[in-house]
Amino acid sequence: MKFNRNNIELMSPVGSWESLMTAINAKADAVYFGAGNLNMRARSSANFNIDDIQKIASLCSENNVKSYLTLNTVVYDDESEKIKEIIYSAKKAGVTALIASDMSVINYCREIGIQVHASTQLNVSNIDAVKFFAGFCDVIVLARELNIN
């Protein structure tokens with residue numbers, strides 16, 4: 001496959017309102033963010049909360065920027081209802097897709113009809129894994145260790 005600007009998406013991580021606006025102003029194609037503590041970015045940024053999802057999705061939509069919400073941690077039984085609340089909020093807000101690594105998150109996204117992307121946390125590094133997750137996810141994010149060759 002030959003790469004050109006039409007098939008490459010410039011995506012920026014955002015964890016604060018300042019970084020979100022910087023990504024939008026810099027003409028990023030997409031941003032990814034966490035809301036609350038059920039994402040791998042929870043400790044590395046100011047982070048957003050569930051009440052911010054609507055505003056983030058609206059700002060992104062107004063600026064033709066895709067919005068990806070990360071829910072890419074291991075989910076325990078006592079977090080199940082919170083996960084569903086966050087996913088439902090994302091769908092209602094018009095978030096482009098969720099980035100997930102736990103099968104319960106992937107399954108619930110499919111149940112309510114929101115696009116789901118397999119997180120790099122899944123370490124998809126071979127064609128058999130791609131084929132497997134293609135049955136559950138709309139997009140597969142490959143392991144970081146892979147190269148373009």
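To be clear, the structure that these remarks concern was listed above.
Residues numbered from 1 in each chain as written. Predicted model: local features only at pLDDT ≥ 70, side-chain atom pairs only at ≥ 80, totals over all residues. Heavy atoms only, no water.

J.: Would you mind going over the overall build of the chain in detail, with residue names and values included?
T.: In terms of helices and strands, the chain carries five helices and six strands. Mapped from its N terminus to its C terminus, the chain presents α and β elements in the order β-α-β-α-β-α-β-α-β-α-β. Within the chain, buried positions represent 40% of all 149 residues. (Helix = DSSP H or I, 4+ residues; strand = E, 2+ residues; numbered from the N terminus. Buried < 20%, exposed > 50% of the residue type's maximum accessible area, 1.4 Å probe, protein only.)

J.: Can you lay out helix α2 (residues 53-62) for me, pointing to particular residues and giving the numbers?
T.: In an α-helix, one full turn covers 3.6 residues, which means residues spaced three or four apart are oriented alike. Buried within α2 we find Ile 53, Ile 56, Ala 57, Leu 59 and Cys 60. Within α2, the buried residues cover an arc of 165 degrees as seen down the axis, which keeps them to one side. Of the residues in α2, the exposed ones pointing more than 90 degrees away from the buried face are Ser 61 and Glu 62. On its buried face, α2 sits against α1 (17-25), β2 (30-34), β3 (66-71) and α3 (80-93). (Arc of directions from axis to C-beta. Contact = heavy atoms within 4.5 Å.)

J.: Quick one: what's the story with the nonpolar core, residue by residue and with numbers?
T.: Counting residues in each nonpolar core, the largest one holds 35 residues, and the members touching the most others are Leu 20, Phe 33, Ile 53, Leu 69, Ile 87, Leu 98 and Val 105. At the level of elements, α1, β2, α2, β3, α3, β4 (97-100), α4 (103-112) and β5 (116-118) are the ones that each hand at least two residues to this core. Apart from the residues lying within four places of it in its own chain, the contact partners of Leu 69 are Phe 33, Gly 34, Ala 35, Ile 53, Ile 86, Ala 90, Val 95, Ala 97, Leu 98 and Ile 99. (Core = buried A, V, L, I, M, F, W, Y, C linked by side-chain atoms within 4.5 Å.)

J.: I'd love a proper account of the pairing of β4, names of residues and values included.
T.: Burial of the side chains of β4 extends over both faces: Ala 97 and Ile 99 are buried on one face and Leu 98 and Ala 100 on the other. In this view, the connection linking β3 to its parallel neighbour β4 by way of α3 has right-handed handedness. In terms of strand pairing, β4 meets β5 through three bridges, oriented parallel. For Ala 100, the partnering residue across the bridge sits in β5 and is Ala 118. Chirality of the crossover, the property in question, places the unit of β4, α4 and β5 among those that are right-handed. (Right-handed = clockwise from strand over helix to strand, strands pointing away. Pairing = 2+ DSSP bridges.)

J.: I'd like a description of the packing of α1 against α2, backed by residues and values.
T.: At a minimum axis separation of 11 Å, α1 and α2 run at an interaxial angle of 15 degrees. Regarding the angle of α1 to α2, the classification is roughly parallel. Regarding α1 and α2, the two cross each other, and that crossing is right-handed. Contacts between α1 and α2 involve Trp 17, Leu 20, Met 21 and Ile 24 from the former and Lys 55, Ile 56, Leu 59 and Cys 60 from the latter. For the contact of α1 with α2, the residue count by class is seven nonpolar, no polar and one charged. (Axes fitted to C-alpha atoms, helices over the stretch in contact; angles between N-to-C directions. Parallel < 35°, antiparallel > 145°, perpendicular 65-115°, else oblique. Left-handed = near helix turned anticlockwise from the far one by under 90°. Nonpolar A, V, L, I, M, F, W, Y, C, P; charged D, E, K, R; others polar.)

J.: How would you sum up the environment of Ile 24? Please name residues and give values.
T.: Position of Ile 24 relative to the elements: it lies in helix α1. For the pair formed by Ile 24 and Cys 60, sequence separation is 36 residues and the distance between their alpha carbons is 7.4 Å. When neighbours within four sequence positions are excluded, Ile 24 is seen to be in contact with Leu 59, Asn 63 and Val 65.

J.: Account for the packing of α3 against α4, with residues named and values stated.
T.: Closest axis-to-axis distance for the α3/α4 pair is 10 Å, and the angle between their directions is 40 degrees. Between α3 and α4, the angle is such that the two are oblique. Judged by the sense of rotation from one axis to the other, the crossing of α3 with α4 is right-handed. In contact with Ile 83, Lys 84, Ile 87, Tyr 88 and Lys 91 of α3, α4 contributes Val 105, Tyr 108, Cys 109 and Ile 112. Taken together, the residues that form the contact of α3 with α4 break down as seven nonpolar, no polar and two charged.

J.: Kindly report on unusual backbone geometry, identifying the contributing residues and their values.
T.: Most peptide bonds adopt trans geometry, and most residues besides glycine take a negative phi value. If you check the backbone angles, Lys 27 has positive phi at about 70 degrees while not being a glycine. Inspection of the secondary structure puts Lys 27 in the loop between α1 and β2. At Asn 64, a residue that is not glycine, the phi angle is positive and equals roughly 55 degrees. Tracing the backbone through its elements, the reader meets Asn 64 in the loop between α2 and β3.

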